[in-house]
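# Residue-level structural notes
One letter stands for each residue in the lines below.
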Amino acid sequence: VIILAPIFITLERLLVTKIKNIKLVFSSKGLDIIPDTAKNDKKPIFIETLNIAAICVKESEIEESNGRGSYKKRILNIILRLHKPITNPLTNANIEEIILVEELSKDYLTQAVKFSEEIQEALELKDI
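Definitions and limits used
- Residues numbered from 1 in each chain as written.
- Predicted model: local features only at pLDDT ≥ 70, side-chain atom pairs only at ≥ 80, totals over all residues.
- Heavy atoms only, no water.
- Pairing = 2+ DSSP bridges.
- Helix = DSSP H or I, 4+ residues; strand = E, 2+ residues; numbered from the N terminus.
- Axes fitted to C-alpha atoms, helices over the stretch in contact; angles between N-to-C directions.
- Contact = heavy atoms within 4.5 Å.
- Buried < 20%, exposed > 50% of the residue type's maximum accessible area, 1.4 Å probe, protein only.
- Polar contact = N/O pair within 3.5 Å; in protein donor to acceptor, adjacent residues only side chain to side chain.

### Focus: the pairing of strand β4 (residues 52-66)
Bridge count for β4 against strand β5 (residues 69-87) is 14 bridges, and the pairing is antiparallel. Bridge pairing links Cys56 to Ile79 in β5. Here β4 folds back onto β5, and the loop between the two strands holds 2 residues.

Put into structure tokens, the structure is as follows:
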């Protein structure tokens, strides 16, 4: 296990791309997801308004641990659902949902719903 750990860590760094700083630009034409990386090696992604099926607040559970053990915590995510999935160019996986805001406390349900409605207005989505 000690010998294999560095190999797995290196593979994760090479294969899993996590972009922490992104800029989301909402307009009536769609959503631009612009990565803010130092190298600028990631290309922006554009999702047309017609491909957006819904923007909603989704509740899920995550497992957290502290010094005494692990426990499940309920959180909220603001999700953008697509009509037609987009393909991740690195893994060829189909992406059907994009998390716009993740791991909000359940205390912010009202604000999360209001924010998702404001996004829908910015995208000029009707009857969602």
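### Observations regarding the sheet that holds β5
Reading across from one edge, β4-β5-β6 is the order of the 3 strands in this open sheet, with antiparallel pairing throughout. On the outer flanks of this sheet lie β4 and β6 (94-105), each paired with one strand and no other. Going across the sheet, the axis of each strand differs from the next one's by a mean of 30°, ignoring polarity. Looking at chain direction, β5 and β6 are connected through 8 bridges and run antiparallel. Opposite Arg81, over in β6, you have Glu97 as the bridge partner. Each of β4, β5 and β6 touches helix α2 (residues 109-122); the most contacted strand, β4, lies at about 145° to it.

### Re the side chain of Asn51
As for its position among the elements, Asn51 is in the loop between β3 (45-48) and β4. Since its relative accessible area comes to 15%, Asn51 is described here as buried. A distance of 2.7 Å separates a polar side-chain atom of Asn51 from the backbone nitrogen of Lys84.

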